[in-house]
Amino acid sequence: MTTVNNHLNILLAVESSCDDTAASVWINGKIRSNVISSQKIHAEYGGVVPEMASRQHQSNILPVIDQALSKADISITDVNAIACTQGPGLMGSLLVGYTFCKGLSLALDIPFINIDHIHAHLASHFIDEPTPEFPFLCFLVSGGHTHLVLMNSLTAFEILGKTIDDAAGEAFDKAGKMLELPYPAGPVIDAYSKSGDPKRFAYNIPKNLYPNYSFSGIKTSILYFIRDQQKINPNFVEENIFDLCASIQHTIVLYLIDGMEKTLKNTQIKGIGIAGGVAANSLLREKLMHLGLKYNLPAFIPKMNYCTDNAAMIGRLGYEKWQKQQFGTIYDKCYTRNENF
Ligand code: KG4
Ligand code: ZN
């Protein structure tokens, strides 16, 4: 193990809000390691089982942190600050990472930094160069969020619009459930869409909700359509799975992009981006690039492993808060919801 110069600022970042146990090491504001252990067990159950998730975090937390430290070539006693997801998320999952990190900060006598998971997703654009200029329009699309966010800095931002019911990722996952695809269905729908016709089937998109979104109508439209078709042909889903996936993906993505485009027409911004799990969607990535070209704006798409849950984004925001001396205390608590988002 290399001995590290004491003048270096070394941050350990930890994420355990849902079903990914992740740790990342940052040295002097640069990422040095990023380790994720994703829990596969939930696929069998069609969704994340909270009790199982926290048990798995308990098994994973130490090996994941150990690996992040060794990849960064440092030891735990070299760390001089710890950042950890405080919420939102599953309470049992959050508690594993959070209490571990609070304990570590006490034991090592180093500052502890609270990180909001959703805010951290926005920070995923600021991990590697080049980073966006402000104001930056970032569309946060995940399993729990569909938020159009206008960022004026890494820590100052305004939510321009959001979903009034399901999130974009939930829309993918619920549509996938209707098609009997494994959970999470978003990546499967994305993969199957590559072999399907996106214009074969059309679903209802809500009108006049901008800047907000709603996915419940799309969901019902898909449900009724499948039900009606199955009355005529019980094998309808199996026989048309690729076209069904491509059409669903096309509907959701075009709906998302439409709201971004409307915002571009009304706002002075210097760049556009997507963040969160759904930002891994290949059609959304492609459409964002087109939108950037059309409006002559740089379009930012985070690396795949910065889109889904990760600790690199926790480290980026943690480093920012460390510089601003925004520390937490051991009396702070985790939260399952953040009413500000
Ligand atoms: O950000 P994330 O990893 O977890 C949180 O919700 O915080 O997002 C997970 C969501 C799931 O709904 C999953 O189906 C969706 O992201 N997702 C995708 C793709 N990859 C992940 N949705 C569409 N296309 C993808 N390629
Ligand atoms: Zn997330």
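The preceding data block contains the structure.
Residues numbered from 1 in each chain as written. Chains lettered and ligands numbered in written order. Predicted model: local features only at pLDDT ≥ 70, side-chain atom pairs only at ≥ 80, totals over all residues. Heavy atoms only, no water.

To continue, consider the coordination of the zinc ion (ligand 2). The protein atoms that coordinate the zinc ion (ligand 2) are His117 (NE2), His121 (NE2) and Asp309 (OD), at distances of 2.1 to 2.2 Å. Taken together, the four donor atoms surrounding the zinc ion (ligand 2) define angles of 93 to 143 degrees at the centre, an arrangement classified as irregular. Ordering the donors of the zinc ion (ligand 2) by residue number gives the pattern H-x3-H-x187-D. Taken together, the positions of His121 in helix 3 (residues 117-123) and Asp309 in the loop between helix 9 (304-307) and helix 10 (312-323) put the pair 188 residues apart, joining distant regions of the chain. Given a relative accessible area of 1%, His121 falls into the buried group. (Donors = N, O, S within 2.8 Å, 3.2 Å for Na, K, Ca; no water. Tetrahedral: all angles 85-135°; square planar, octahedral: opposite > 155°, others 65-115°. Helix = DSSP H or I, 4+ residues; strand = E, 2+ residues; numbered from the N terminus. Buried < 20%, exposed > 50% of the residue type's maximum accessible area, 1.4 Å probe, protein only.)

Turning our attention to the packing of aromatic side chains. Taken as a whole and judged by the stated rule, the model has 14 aromatic pairs. One aromatic cluster in this structure is built from Phe126, Phe134, Phe136 and Phe300. (Phe/Tyr/Trp six-rings, centres within 6.5 Å; stacked < 30°, edge-to-face > 60°.)

Across the sheet, five strands lie side by side as 8-7-6-9-10; this open sheet has mixed pairing. At either margin of the open sheet sits one strand with a lone partner, and together these are strand 8 (157-162) and strand 10 (299-300). Relative to strand 10, strand 9 (residues 271-275) runs parallel, the two sharing two bridges. Bridge assignment links Gly273 to a residue of strand 10, and that residue is Phe300. On top of the sheet, helix 7 (residues 236-266) reaches strand 6 (136-141), strand 7 (146-151), strand 8 and strand 9; it is set at about 160 degrees to strand 6, its chief contact. Taken strand by strand, helix 8 (residues 282-295) contacts strand 6, strand 9 and strand 10, and its axis lies near 170 degrees from that of strand 9. (Pairing = 2+ DSSP bridges. Contact = heavy atoms within 4.5 Å. Axes fitted to C-alpha atoms, helices over the stretch in contact; angles between N-to-C directions.)

Note that every value here comes from positions in space, so none of it alone points to a role or purpose.
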